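If you want the building blocks of each chain, they are given just below.
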Amino acid sequence: MNKVILVGRLTKDPEVRYTQTGIAVARFNLAVNRRISKDGQQQVDFIPIVVFNKLAEICGNNLAKGRQIIMTGRIQVSSYTAQDGTKRYTTEVIMDELEFVGKKPAEAANSNNAATAEQMKFGEEVPPDEEIPF
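A quick note: this is a predicted structure, and the numbers were derived from the prediction, not measured.

1. A look at the pattern of salt bridges
No. 1: Following the criterion strictly, the structure yields 6 salt bridges and no others.
No. 2: Across the pair Arg 74 and Asp 96 runs a salt bridge whose closest N-O atoms are separated by 3.6 Å. With a gap of 22 residues between them, Arg 74 in strand E5 (residues 68–81) and Asp 96 in strand E6 (residues 87–101) connect regions that are remote in the sequence.
No. 3: Overall, the relative accessible area of 33% leaves Arg 74 in the partly exposed class.
No. 4: Owing to a relative accessible area of 46%, Asp 96 belongs among the partly exposed residues under this scheme.

2. Some thoughts on the confidence of the model for the protein
No. 1: Residues with a pLDDT of 70 or more make up 77% of the protein, whose mean pLDDT is 83.
No. 2: Overall, residues 114–126 carries pLDDT values under 50, and its contacts beyond four positions in sequence, including any with other chains, amount to 1 contact.

3. Structural notes on the nonpolar core
No. 1: Counting 20 residues, the largest nonpolar core has Leu 6, Phe 28, Leu 30, Ile 49, Val 51, Ile 69 and Met 95 as its most contacted members.
No. 2: Only strand E1 (4–10), strand E3 (24–33), strand E4 (44–52), helix H1 (53–62), E5 and E6 provide two or more residues apiece to this core.
No. 3: Top contributing element to this core by residue count: E3, with 5 residues.
No. 4: Beyond its immediate stretch of four places on either side in the chain, Met 95 contacts Phe 28, Ile 49, Val 50, Val 51, Leu 55, Cys 59, Ile 69, Met 71, Thr 72 and Gly 73.

4. Some points on the environment of Val 51
No. 1: Residue placement: Val 51 occurs in strand E4.
No. 2: Leaving out residues up to four positions away in the same chain, Val 51 has contacts with Ala 24, Val 25, Ala 26, Phe 28, Ala 56, Cys 59 and Met 95.

Definitions and cut-offs
- Residues numbered from 1 in each chain as written.
- Predicted model: local features only at pLDDT ≥ 70, side-chain atom pairs only at ≥ 80, totals over all residues.
- Heavy atoms only, no water.
- Salt bridge = Lys/Arg side-chain N within 4 Å of Asp/Glu carboxyl O.
- Helix = DSSP H or I, 4+ residues; strand = E, 2+ residues; numbered from the N terminus.
- Buried < 20%, exposed > 50% of the residue type's maximum accessible area, 1.4 Å probe, protein only.
- pLDDT = per-residue confidence, 0-100.
- Contact = heavy atoms within 4.5 Å.
- Core = buried A, V, L, I, M, F, W, Y, C linked by side-chain atoms within 4.5 Å.

Put into structure tokens, the structure is as follows:
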């Protein structure tokens, strides 16, 4: 069985391209925290993610650097021959499912500002020389 479940944050905006046959392909790296090691240091893995078809377009339209997601997929190892004739291997995760976690980074910043503005609008200030009617 080849099934991967990852929770992490995008390190940059997804790059969406289209193949000659019109298939959308999105690529991005996902920063995934490891369990904290014995020495207390947090370590992070940067995992390359590839997404195809409609889900690639959804990623391109809705994901941005810093956005946290939960995704499932499968590990794929590919090989190719480099220009110098050596054989090279790549390992990527092919995304099958996506769930958004929390707010978009821009929305989170705006909601903090909006909450502050709402708090400031709450109630009216009573002038010091006016009596309160109760």
